[in-house]
Amino acid sequence: MYDVIVIGAGVTGAAIARELSKYEYEGKVAVLERASDICEGTSKANSGIVHAGHDATPGTLKAKLNVLGNQRMEQLSKELDFPFKRNGTLVLCFDGKDRDKMQELLKKGRLNGVEGLRIIEAEEIQRLEPNVSNEACAALYAPSGGIVCPFGLTAALAENACENGVEFYLNTKVERIRKSPAGYVLQTSAGIFESQIIVNAAGLYADALHNMVSEKKLHIVPRKGEYCLFDKAVGGYVSHTIFQLPTRYGKGVLVTPTVHGNLMMGPTAVDIEDKEGTNTTEEGIADLLKRGGLSIKRVPAEKIITSFAGLRAHEDGGDFVIEEVEDAQGFIDVAGIESPGLTCAPAIGEYVAGMVLERLPAPKKVDFKACREAIRGMADADEEERKALIEKNPAYANVICRCELVTEGEIMDAIHRPLGATTLDGVKRRTRAGMGRCQSGFCAPKTVEILARELGKDIGEITKSGGSSMFLTGYDKAEV
Amino acid sequence: MDKRVDILIVGGGPAGLAAAVAAKKSGADRILILERDEELGGILNQCIHNGFGLHTFKEELTGPEYASRYIWQVEELGIPYLLQTIVIDISASEAVKLVTAINKENGIFTIEAKAVVLAMGCRERSRGALNIPGYRPAGIYSAGTAQRYVNMEGRMPGKEVVVLGSGDIGLIMARRMTLEGAKVKMVAELMPYSGGLKRNIVQCLEDYGIPLKLSHTVIDIDGRERVKGVTVAEADENRKPIPGTEEYISCDTLLLSCGLIPENELSVGLGVSLNPVTAGPVVNESLETSVEGVFACGNVLHVHDLVDYVSEEACSAGEHAAAYARGGRPAEEHKVTLKCAGGVRYTVPSLICVERIDKEQVVRFRVGSVYKDVFLTVYYNNTVVIKQKKRVLLPGEMEQIKLKKVEMEKFPDLKTITVAIEREG
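> Tell me about the overall build of chain B, residues and numbers included.
Within chain B one finds nine helices and 29 strands. On C-alpha atoms alone, chain B measures out to a radius of gyration of 22 Å, which is about the 22 Å that the 2.2 N^0.38 rule sets for 425 residues. Judged by the C-alpha coordinates and their principal axes, chain B covers about 65 × 60 × 40 Å. Put simply, chain B has 425 residues, and 59% of those count as buried. Expressed as a percentage of contacts within chain B between residues at least 6 apart in sequence, the contacts between residues at least 24 apart total 63%. When the accessible area of chain B is evaluated, it comes to approximately 16800 Å², of which 48% is carbon and sulfur surface. Across chain B, the 50 positively charged side chains and the 56 negatively charged ones have centroids separated by 1 Å.

> Hey, could you go over the sheet that holds strand S8 (residues 146–148) of chain A for me, with residue numbers and the actual values?
Each strand in a sheet pairs with its neighbour through backbone hydrogen bonds, running either in the same direction (parallel) or in the opposite one (antiparallel). Residues and elements named next belong to chain A. The antiparallel open sheet is built from three strands, whose spatial order is S3-S8-S4. On the outer flanks of this sheet lie strand S3 (49–50) and strand S4 (84–85), each paired with one strand and no other. Judged from the two bridges that link them, S4 and S8 form a sheet pairing that is antiparallel. Bridging from a neighbouring strand, Lys85 pairs with Ile147 of S8.

> An account of the environment of A:Lys173 is needed here, citing residue identities and associated values.
Residues and elements named next belong to chain A. Among the secondary structure elements, Lys173 is positioned in the loop between strand S9 (167–169) and strand S10 (174–180). Residue classification places Lys173 among the partly exposed residues on the basis of a relative accessible area of 44%. Each residue touching Lys173, except ones within four places of it in the same chain, is listed here: Arg34, Gln187, Thr188 and Ser189.

> Quick one: what's the story with the interface of chain B and chain A, residue by residue and with numbers?
Taken together, the contact pairs 45 residues of chain B with 56 residues of chain A. Interface area, chain B with chain A, both sides summed: about 4300 Å², of which 53% is carbon and sulfur. Three residues stand out in chain B for area buried against chain A, namely B:Lys104, B:Arg136 and B:Arg155, and they jointly supply 16% of the buried area on that side. Summed over the shared surface of chain B and chain A, the result is six salt bridges.

> Give a description of the packing of aromatic side chains that names residues and reports values.
This model, assessed by the stated rule, comprises twelve aromatic pairs over all chains. An angle of 75° between the planes, with centres 5.3 Å apart, marks the rings of A:Phe471 and B:Tyr141 as edge-to-face. In this pair, A:Phe471 is assigned in the segment after helix H12 (444–455) and B:Tyr141 in strand S10 (residues 140–142), connecting two distinct chains. For the pair A:Phe471 and B:Tyr141, one class covers both residues: buried. On the basis of an interplanar angle of 40° and a centroid distance of 5.6 Å, the ring pair of B:Tyr66 and B:Tyr70 is categorised as tilted. One end of the pair is B:Tyr66 and the other is B:Tyr70, both in helix H2 (residues 63–76) and four residues apart, which spans about a single turn. Across the pair, exposure class does not vary: B:Tyr66 and B:Tyr70 are buried alike. The lysine or arginine in question, A:Arg402, covers the ring of A:Phe442, its NZ or CZ lying 3.5 Å from the ring centre. The lysine or arginine in question, B:Lys389, covers the ring of B:Phe375, its NZ or CZ lying 5.4 Å from the ring centre.

> I'd like a description of the side chain of B:Arg176, backed by residues and values.
Mapped onto the fold, B:Arg176 is located in helix H5 (residues 168–179). Setting aside residues no more than four positions away along its own chain, B:Arg176 makes contact with B:Ile48, B:Val150 and B:Asn151.

> Please provide a residue-by-residue account of helix H10 (residues 408–416) of chain A, values included.
All names here are of chain A. Within H10, seven of the nine residues are buried, leaving the element largely enclosed by the surrounding structure. Three or more residues of H10 are buried, namely Glu408, Gly409, Glu410, Ile411, Met412, Ala414 and Ile415. If you follow the buried residues of H10, they end up packed against strand S21 (399–401), strand S22 (406–407), helix H11 (424–431) and H12.

> Tell me about unusual backbone geometry, and please be specific about residues and values.
With omega at -10°, the peptide bond leading from A:Gly266 into A:Pro267 counts as cis. Inspection of the secondary structure assignment puts A:Pro267 in the loop between strand S16 (263–266) and strand S17 (270–271). Residues other than glycine seldom take positive phi values, yet A:Leu405 does so here, at roughly 50°. On the secondary structure map, A:Leu405 appears in the loop between S21 and S22. Residue classification places A:Leu405 among the buried residues on the basis of a relative accessible area of 16%. With a phi angle near 50°, B:Asn381 is a residue other than glycine that sits in the positive phi range. Structurally, B:Asn381 can be placed in the loop between strand S26 (371–380) and strand S27 (383–393).

> Any chance you could break down the side chain of A:Asn46 for me, citing the residues and the numbers?
Residues and elements named next belong to chain A. In this fold, Asn46 is placed in the loop between strand S2 (29–32) and S3. A distance of 2.9 Å separates the side chain of Asn46 from the backbone oxygen of Ser43, its partner in a polar contact. Polar side-chain contacts of Asn46 include one of 2.9 Å to the backbone nitrogen of Gly48. Among residues more than four places away in sequence, those in contact with Asn46 are Pro150, Tyr227, Met264, Phe308 and Leu342.

> Could you give an account of the domain arrangement of chain A, with specific residues and numbers?
All names here are of chain A. Taken domain by domain, chain A consists of domain 1 (85–144 + 221–311) and domain 2 (383–461). Just the C-alpha atoms count here: the centres of domain 1 and domain 2 sit 32 Å apart. Tallying the contact residues gives seven residues for domain 1 and six residues for domain 2. Together, the buried faces of domain 1 and domain 2 total about 520 Å²; carbon and sulfur atoms form 40% of this surface. Our enumeration of links across domain 1 and domain 2 arrives at two salt bridges. Note that Lys232 is salt-bridged to Glu404, the shortest N-O span being 2.6 Å. Where domain 1 packs against domain 2, one counts three residue pairs in polar contact (both at pLDDT 80 or more). The residue inventory of the side of domain 1 that touches domain 2, partitioned by class, reads two nonpolar, three polar and two charged.

> How would you explain the environment of B:Ala279 if you had to name every residue and give the values?
All names here are of chain B. Summarising the element assignment, Ala279 is placed in the loop between strand S19 (274–275) and strand S20 (280–281). Classification of Ala279 as partly exposed rests on a relative accessible area of 25%. Taking C-alpha positions, Ala279 is 9.2 Å from Val303, a pair spaced 24 residues apart along the chain. Excluding its chain neighbours within four sequence positions, the residues that come into contact with Ala279 are Pro262, Asn264 and Leu274.

Rules and cut-offs
- Residues numbered from 1 in each chain as written.
- Chains lettered and ligands numbered in written order.
- Predicted model: local features only at pLDDT ≥ 70, side-chain atom pairs only at ≥ 80, totals over all residues.
- Heavy atoms only, no water.
- Helix = DSSP H or I, 4+ residues; strand = E, 2+ residues; numbered from the N terminus.
- Rg over C-alpha atoms; globule rule 2.2 N^0.38 Å.
- Buried < 20%, exposed > 50% of the residue type's maximum accessible area, 1.4 Å probe, protein only.
- Contact = heavy atoms within 4.5 Å.
- Areas by Shrake-Rupley, 256 points an atom, 1.4 Å probe, with all protein chains shown as cover.
- Lys, Arg positive; Asp, Glu negative; His and termini not counted.
- Charge placed at Lys NZ, Arg CZ, Asp CG, Glu CD.
- Pairing = 2+ DSSP bridges.
- Buried area = accessible area lost by both parts, 1.4 Å probe.
- Salt bridge = Lys/Arg side-chain N within 4 Å of Asp/Glu carboxyl O.
- Phe/Tyr/Trp six-rings, centres within 6.5 Å; stacked < 30°, edge-to-face > 60°.
- Lys NZ or Arg CZ within 6 Å of the ring centre and 35° of its normal.
- Polar contact = N/O pair within 3.5 Å; in protein donor to acceptor, adjacent residues only side chain to side chain.
- Domains from an automatic or database assignment.
- Nonpolar A, V, L, I, M, F, W, Y, C, P; charged D, E, K, R; others polar.

Right, dumping it as C-alpha cells:
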C-alpha cells in the first residue's frame with residue numbers, strides 16, 4: 001500500500017514526484033510509467049521553451065503557474081544541473097493593424113506578473129536579431145523567456161525523486177482503477193498496486209484514467225505539433241526565441257535556438273484523433289517551414305537534420321485541470337497540461353504536492369538531497385575537466401558519437417545512474433549520442449554494443465525505445 | 001609518441017593510407033596517421049564484395065583485400081599510426097598546424113605538424129536530412145550502417161527490405177541482404193536515373209530480380225515501434241510525388257542510400273573554405289586547401305565512385321604534402337581558375353598554379369544529369385584545346401581529364417580553364 005502513486009513519468013509526473021520526495025511518507029511514493037523509459041510522451045517532443053507568461057488569460061491556472069514556473073526554473077537548473085538559458089523572447093507583429101493585439105498581450109503579461117515586458121520597434125528588432133524578417137514592424141520583447149532541455153529537465157527531476165526514495169515502475173501500464181476502502185487499487189500490466197492517493201499525470205491518457213473513477217467525464221484531444229531541427233552550423237541564426245502573434249490554435253510557429261546550440265522551428269497545431277499519432281507529415285513540415293519562414297529572412301532548409309512530431313494534451317476547457325476529482329476523493333487530476341506545461345512543471349509540482357499534503361500530511365524529510373549531478377559531457381567540458389574525466393575513467397577518451405562528441409564514459413554513466421537508460425533512445429536523450437548531423441548512422445551500432453555489455457544482454461535484445469522496437473532481427477543467413 | 005611530425009594524416013581509410021605511403025616514398029620522414037576506428041582500412045573493411053582495384057592492381061579485389069595492400073605498405077615502410085583515436089580540433093598558427101586528438105591510451109594530446117592531410121571520408125545522408133515523413137520506428141538504417149551489421153557483426157538488421165536510393169552502397173546492400181536471407185522488395189530512386197555504377201545495377205539488382213523503380217520515392221513510414229511498411233509514390237519531373245500513384249509496401253526495414261556528405265566539420269573549424277557543390281574543400285593543383293599546408297583527398301574532398309581514384313588522388317596529395325613539408329616549392333606566379341559549364345557540376349581542383357604542376361594535371365569532375373553523344377570540351381581562356389566525343393556521361397560516375405603542363409605554358413596569359421559539356425559539333 002502506497003501513500004501516493006503518480007501515474008506518468010513525464011515532466012509533470014516527475015516534478016510532482018520530486019516535490020513529494022521532500023516529505024517523509026511512511027507508506028512511500030511511487031511513479032508508474034507505461035513506457036520503457038521516463039520522458040517518452042509529450043515531454044520528449046515539444047519546443048523546450050520556458051515561456052515568460054504573457055499568453056495565458058489572467059486568472060487561469062496556466063497564467064498563475066507559468067510565471068511561477070518561469071521564476072523557479074533558474075534555481076532548479078542549478079540544483080538539478082540541467083541546461084537552461086534565459087535567452088529572451090520576441091513576439092513579432094507584421095502588420096500595423098495588429099498592434100492592438102500586441103498591446104493586449106503586453107497588458108495580459110503585466111497582469112500575469114511578467115517582468116521586463118516592452119514593445120520594441122523594427123530598428124531594435126533588427127539590432128537584436130539581424131536574421132529576423134524585415135516585415136516585422138514591432139515586437140513584444142520578454143527578457144524573462146528562456147529555453148531548456150526537456151529531456152534534461154525531466155531526467156533531472158525523476159532521478160532526484162528516485163534518489164530521494166520515490167519508487168519508479170517502468171513498463172507499467174495502468175489498465176483499471178477501482179476504489180477501495182483505503183484508497184484505490186490499480187490493475188496494471190505489471191501487477192496490482194494500491195495507494196491512498198492517486199495523482200493522474202498521464203498526459204494524453206489522463207482523460208481515460210479520470211473517466212475510470214468519475215462520472216464527470218474529461219476529454220483530451222491530441223493536438224499534433226511538427227518540428228524541424230537544424231544543424232548546429234546554423235544554431236546561431238537567431239539568439240532569442242522568435243514567436244509570431246498567437247492564433248486560436250496556440251502560439252504559432254516559433255524559431256528558436258536550443259540549449260544545445262541547434263536551431264529549431266515548429267510546431268504546427270492540428271487536432272487529431274490518434275493518441276499515438278506522432279508521425280510527421282509532408283503537409284505539416286511544409287506548413288511549418290512556410291509559416292516559420294515568415295519570421296526570418298531565409299529558412300536554411302538544407303541544414304535540417306531531423307523532423308519530429310509531438311502531441312499536446314489539450315483538454316476541451318482549454319485550461320490545466322489540476323484538482324481533486326469531485327466524485328473521487330483522493331484522486332487528483334493533473335490533466336490538460338499543454339503549453340506552457342514544461343515551463344509550469346516546477347510550479348505544478350509544488351501546487352500538487354500542496355494538495356496531497358493537505359489530504360495526507362507528512363513531515364519534511366531531514367535528509368532530502370536537493371541537488372543532483374548531471375552526466376558530465378566531454379563536449380561542454382574545458383580542458384581541465386576533460387583531463388580529469390579521462391583520468392577517472394579512460395572510457396571518457398573513447399569517442400562514440402563524433403557529431404556531438406559523446407564518449408563511452410558518458411554512455412556508461414547514463415546507463416548506470418538512477419533510472420538509467422536501457423534503450424538507444426534512452427541513451428540519446430541523456431547524452432545526445434545520435435542527436436547530431438549524422439543522426440546516429442555511425443554511433444548507433446557502438447551504442448547498442450555498450451548497452452548490451454553494460455546491461456548483460458545480447459545486442460539482439462537492445463531496442464530503440466522498448467516494446468518491439470528491436471534494432472536487429474537475428475543472424476545472417478538465419479532464414480536461408 | 002612523437003609530438004612533432006612532418007605530416008599528420010587525419011583518417012586511416014583508403015585516402016589516408018595512400019597519402020601516407022606516397023608521402024613516405026617521396027621522402028617525408030615523420031608521418032603519423034590518426035584513425036578513429038579499431039583498425040586501418042576505413043569503410044573498405046565492411047565492403048566485402050569484389051570489384052575493387054581493377055584500375056590500380058589490374059585484378060578484382062574485395063574491399064578488405066584492397067585496403068590490406070596499402071596497410072602492408074604502411075607497415076613495411078614503418079609509418080606510425082594510432083587507432084581508436086579521434087581528432088577533435090585542428091588549428092593553424094603560422095607554418096605549424098596543431099592537431100588535438102583523444103584516445104584511451106594517451107588521453108587528450110596535441111601534435112604539431114608541418115603539413116596536414118585531411119582524409120576523413122564522408123557520412124551518409126540520414127532520414128532526417130531527407131525529411132521523409134512518417135513515424136520514427138526502429139528499422140530505418142543508412143545502407144552503410146546495415147552493411148556494418150551484416151558484414152562485420154554477422155547480424156541482420158531486417159528481413160523484408162525496401163531500399164530508397166540507388167547509390168552504390170544501396171545496390172550492394174540490396175544484393176547482400178538477399179544473399180543473407182532477406183527479401184528485398186524494391187529499390188526506389190527519386191531521380192529518373194540511378195546514382196550508382198551501371199555494373200552494380202546489373203550485378204546487384206538485375207541478377208537477383210530486384211525491381212529498380214526510377215522516379216519513385218518513399219513518402220511515408222509506417223510503424224510505431226518497428227517499421228511495418230512504407231508508402232512509395234511516383235515522382236514528377238520536379239521530384240514531387242504524384243497523387244494517386246501511392247503504393248503501400250509492407251516491410252520491416254528501410255535502407256537509405258541517398259547520397260554521401262563529406263565530413264568537413266574539422267576542416268570548417270580550421271577555416272578551410274568549402275565548395276558548396278561538393279561540400280568538400282576548395283583545392284588547388286596540389287590538392288591544398290585554402291589553408292596553406294593543409295591538403296585534402298578522398299571522399300572528404302569530393303565523393304568518389306571508385307576507390308582506385310581515391311588512391312590515385314590521395315597519392316598526389318601525399319606527394320604534395322611531402323613537398324610542402326620539405327620546403328622550397330616553386331613560388332606561385334601563374335594562377336589559373338577552373339570553371340565549369342554546360343552540365344559540369346564542379347572540378348577538382350578549382351585553382352591551378354602552373355609552376356607547381358609536375359608534367360600533367362588531373363582534373364576530376366561530375367556531371368549533373370545523363371548526357372548522351374556530347375562533347376567534353378576544355379577551353380584555355382576562349383580557345384578550345386581539348387574536344388572529346390563522349391557517348392554517355394552519367395551523374396553516378398566520376399570523370400577525369402588530363403591537362404598537360406607544356407600545353408598550358410603555351411598560353412602565357414592563361415587565366416581561366418573551362419570544362420564544358422557541349423552538344424553541337
